[in-house]
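Each chain, written out:
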Amino acid sequence: EKFKQGLTKTRDSFAGRVNDLVARYRKVDEDFFEELEEILIQADVGFGTVIELIDELKTEVKRRNISDTKEVQSVISEKLVEIYQGDDGADSELNIQEDGPTVILFVGVNGVGKTTTIGKMAHKFKSEGKSVILAAGDTFRAGAIEQLEVWGSRVGVEVIKQAEGSDPAAVMFDAIQSAKARKADILICDTAGRLQNKVNLMKELEKVKRVIEREIPGAPHEVLLVLDATTGQNALIQAKTFKEATNVSGIVLTKLDGTAKGGIVLAIRNELSIPVKFVGLGEQMDDLQEFDAEKYVYGLFA
Ligand code: GDP
């Protein structure tokens, strides 16, 4: 239900336009595919992915000898899910350790919803009965530590911090010691998001990761990149930059409720080969949903 509600904008425009198209054409022809292509591009599915999708649709329509656009519509859903799932077997499940702590590192540019997502995820784990510690690793942006603390007290989890401007790697070190001492299940680490200085940011991320790896072999168990769905193709560019800087294991796509261009999920998955693990569908604590391609696509067209 939540998923459906959060996707109202994308459903009304993207899915709505596909439904109109199907009703208007009834029989499949070249013009039908051209209009469909246009709708997909406007929904931010991404040019490369759209071309691939249309090609596969045409092949499938020919193979199954389909002429009715209503039938094509179900093939569209099938193909969207298939393209999303890819062939690398990546799924949205988080890599959670049996004997904690599981270390989850969050990366992403300022303003994308990183702090909010960390708060939501802490809440999710806590409501599953897990103990959670947050590490205030964004020591650069003014107010970042306080903002994380607000979420910490809202959710009821401890935040490990140092003064603004201190070394994020030192904060991580402290946080790991606390997580070990308290036998925490989950340690969620915030990081700085100033992409203006790419080289510095990369160095900082590397250093933070080195400390985590040294203190807990096999960690971080997840590196989640937070992207803002409303920024469209810009989100893709950010993702490419972060992919070069560090080993991103999954994407959290925020503000999907605020865009009609939900096709960006497909572009990200298909063009970057990184699974979207969670989506943000609002500003509240429980507005974070595990991403499921089938639910997403079939929810859109339902
Ligand atoms: P940060 O700078 O990356 O830490 O971003 P914040 O967590 O401060 O979020 C920036 C703004 O986006 C805040 O006003 C959040 O409430 C809002 N926000 C975050 N996630 C979502 C979401 O999934 N949907 C909506 N509608 N707003 C969100």
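Described below are features of the structure shown in this document. Please read these numbers as outputs of a predicted model, since none were measured by experiment.

**Quick look at the layout of surface pockets**
Then comes step 1: Here the largest pocket defines a volume of roughly 260 Å³.
Then comes step 2: Surrounding the largest pocket, 14 residues form its lining, Tyr84, Ser92, Phe291, Asp292 and Ala293 being those nearest its centre.
Then comes step 3: Looking at the lining of the largest pocket, the elements that each hand over two or more residues are α5 (69–85), β8 (288–290) and α12 (293–301).
Then comes step 4: The class makeup of the residues in the lining of the largest pocket is seven nonpolar, three polar and four charged.
Then comes step 5: Here the second largest pocket defines a volume of roughly 180 Å³.
Then comes step 6: As for the second largest pocket, its lining consists of 13 residues, of which Gly113, Thr116, Lys255, Gly282 and Glu283 are closest to the centre.
Then comes step 7: No other element matches the three residues that helix α6 (residues 114–127) contributes to the lining of the second largest pocket.
Then comes step 8: Among the residues making up the lining of the second largest pocket, the classes are represented as two nonpolar, seven polar and four charged.

**A short note on the site of the ligand**
Then comes step 1: Close to the ligand lie 18 residues; Gly111, Thr115, Thr116, Gln147 and Glu283 are nearest.
Then comes step 2: Gly111 is positioned with one of its backbone polar atoms (N or O) 2.6 Å from an oxygen atom of the ligand.
Then comes step 3: Protein contacts shield 79% of the accessible area of the ligand, which totals 580 Å² for the unbound molecule.
Then comes step 4: Of all the cavities here, the one that holds the ligand is the second largest pocket.

**Focus on unusual backbone geometry**
Then comes step 1: In this structure, the amide linkage connecting Gly100 to the following residue, Pro101, adopts the cis form with an omega of -5 degrees.
Then comes step 2: A positive phi angle, close to 65 degrees, is found at Arg26, a residue other than glycine.
Then comes step 3: Backbone geometry at Lys255 places phi at a positive 60 degrees, although glycine is not the residue there.
Then comes step 4: Relative to the helices and strands, Lys255 resides in the loop between β6 (250–254) and α11 (264–272).
Then comes step 5: Judged by its relative accessible area of 31%, Lys255 is partly exposed.

Reading guide: rules and limits
- Residues numbered from 1 in each chain as written.
- Predicted model: local features only at pLDDT ≥ 70, side-chain atom pairs only at ≥ 80, totals over all residues.
- Heavy atoms only, no water.
- 1 Å grid on protein atoms, 1.4 Å probe; cavity = no way out; pocket = protein on both sides within 12 Å on 5 of 7 lines; lining within 4 Å.
- Points joined across faces, edges and corners; volume = space filled by probe spheres on them.
- Helix = DSSP H or I, 4+ residues; strand = E, 2+ residues; numbered from the N terminus.
- Nonpolar A, V, L, I, M, F, W, Y, C, P; charged D, E, K, R; others polar.
- Near = heavy atom within 4 Å.
- Polar contact = N/O pair within 3.5 Å; in protein donor to acceptor, adjacent residues only side chain to side chain.
- Areas by Shrake-Rupley, 256 points an atom, 1.4 Å probe, with all protein chains shown as cover.
- Sits in = over half its atoms within 2 Å of the grid points.
- Buried < 20%, exposed > 50% of the residue type's maximum accessible area, 1.4 Å probe, protein only.

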